[in-house]
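Descriptive structure summary
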Amino acid sequence: MKKPRKTIIDTDPGIDDAVAIAAALFDERLNIKLFTTVAGNVSMDKVTKNLLKLLAFWNKEIPVAIGSDRPLFREAINASDIHGITGMDGYDFPESKYELLTKNHAVIEMHKVLMDSKEKTTIVAIGPLTNIALLLRLYPECVERIEELVIMGGALGRGNAGVLSEFNIAVDPEAAKIVFESNISLTMVGLDVGEKALVLPKEREQMRKMNRTGDMIDHLFRKYRGGSLETGLKMYDGCAIAYLLEPEMFEVKESYVAVETQGTLTAGATLVDLDGYLGKEVNCRVCVDVDEEQFRDWFLNAIKKCD
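Residues numbered from 1 in each chain as written. Predicted model: local features only at pLDDT ≥ 70, side-chain atom pairs only at ≥ 80, totals over all residues. Heavy atoms only, no water.

Within an unreviewed UniProt entry, the label attached to the chain reads Ribonucleoside hydrolase RihC, and the organism entered is Enterococcus plantarum.

Written as C-alpha cells, this is what we have:
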C-alpha cells in the first residue's frame with residue numbers, strides 16, 4: 001500500500017465543506033497535517049468555530065490555523081443565504097475544540113508544514129484562495145514543496161456568484177490570479193462538475209441511516225440551498241476530495257486558465273482556454289466532467305467510513 005499523502009486542507013465551513021472534510025478525515029490514503037481557515041461562506045470567526053466543532057464531533061486532534069479574514073483588496077462577501085447564518089445550521093454540535101488552534105497565522109503554519117516535511121505535501125483549497133496567494137507571495141520557495149494544489153473553484157461557463165464567476169473565485173479574484181499564475185502544479189475542480197456531483201434522495205436516505213456522520217450531514221442538508229432535497233444536492237467541495245482520491249472518475253483537460261480581475265461585470269470569471277485561443281502555456285488541469293454514478297458510489301462509501 002502506498003504511503004498516505006501528506007495533505008493540508010484550506011477551508012471555510014460551510015455545509016458542503018463538512019462533507020469534504022468528513023471524506024478526507026477518514027480515508028487512510030490521506031495524512032492530514034493541518035487545517036487552515038479562510039473567510040468565505042461565512043465570516044472568519046464562524047468558519048473557524050465550525051471547523052473546530054466538526055473536529056470535536058469526530059474526536060480528531062489535528063492542528064487548526066486561522067487565516068485571512070478578508071480578501072486581499074476587496075470587501076468581504078459571504079454565502080450565508082446558502083449555508084445559513086452560522087454556516088452550519090441544523091445540527092446540535094459539541095463544543096468547539098479551541099485547544100487545537102495554533103498561535104501562528106495559517107500562512108506561517110502552512111510554510112512550516114511544507115518546509116519541515118521530507119516529502120512534498122498536497123494542498124486542497126475548498127474556499128477562496130486568499131491564504132494560498134499570501135503563502136506563494138510571502139514564501140515563493142514553497143512552490144517546490146507542493147506536490148499538487150487542488151482547488152474547488154472556477155467555472156467553464158456560467159457562474160453562481162456572478163454571470164460568469166464562481167463564488168470562491170469571486171470572493172477574491174486577485175488572490176486567484178496570483179495562484180493561477182504561480183507555476184504551481186494546479187488542478188481546478190470547478191462549478192461545472194460540482195453541478196453534476198449530485199446526492200440524490202435515494203442516496204441521502206441511505207446516508208442518513210448509515211451512521212452518526214450520515215445523520216449529522218442529513219440534518220445540515222435540510223438547511224442547505226446547494227440544490228434540492230427532491231432533485232439532488234450538489235457536492236461542490238466533495239468533488240475536490242473525490243478528485244484527489246479517485247481522479248479516474250473525472251474527465252480532465254490541460255488548459256491555460258486566466259482570472260479576470262478588471263472587468264466591471266466579469267470580475268472573478270475564469271477563462272478556460274481549452275482551444276488555445278490566447279496562445280499561452282498550459283497552467284492548470286481542469287476537470288470538465290465527472291462520472292455521476294461513480295461519484296455517488298464514492299460518496300456513500302466515504303460516509304460509511306466515518307464511524
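We now examine the overall build of the chain. Each helix and strand counted, the chain has twelve helices and twelve strands in total. On C-alpha atoms alone, the chain measures out to a radius of gyration of 18 Å, which is about the 19 Å that the 2.2 N^0.38 rule sets for 307 residues. Across its three principal directions, the C-alpha atoms of the chain cover 50 × 45 × 40 Å. For the chain, buried positions account for 58% of its 307 residues. Expressed as a percentage of contacts within the chain between residues at least 6 apart in sequence, the contacts between residues at least 24 apart total 82%. For the chain, the exposed area adds up to about 13,200 Å²; of that, 48% sits on carbon and sulfur atoms. Positive and negative charge centroids in the chain, built from 37 and 48 side chains respectively, lie 4 Å apart. (Helix = DSSP H or I, 4+ residues; strand = E, 2+ residues; numbered from the N terminus. Rg over C-alpha atoms; globule rule 2.2 N^0.38 Å. Buried < 20%, exposed > 50% of the residue type's maximum accessible area, 1.4 Å probe, protein only. Contact = heavy atoms within 4.5 Å. Areas by Shrake-Rupley, 256 points an atom, 1.4 Å probe, with all protein chains shown as cover. Lys, Arg positive; Asp, Glu negative; His and termini not counted. Charge placed at Lys NZ, Arg CZ, Asp CG, Glu CD.)

All right, on to the nonpolar core then. In this structure, Phe 35, Trp 58, Phe 221, Phe 250, Phe 295, Trp 298 and Phe 299 are the most contacted members of the largest nonpolar core, which totals 61 residues. With nine residues, the top contributor of residues to this core is helix α1 (residues 15-25). Apart from the residues within four sequence positions on either side, Phe 35 is in contact with Ile 9, Thr 11, Ile 21, Leu 25, Leu 51, Leu 55, Ile 62, Pro 63, Val 64 and Ala 65. If you look at the next biggest cluster of nonpolar residues, it comprises 35 residues, including Ala 125, Ala 133, Leu 149 and Ile 178. (Core = buried A, V, L, I, M, F, W, Y, C linked by side-chain atoms within 4.5 Å.)

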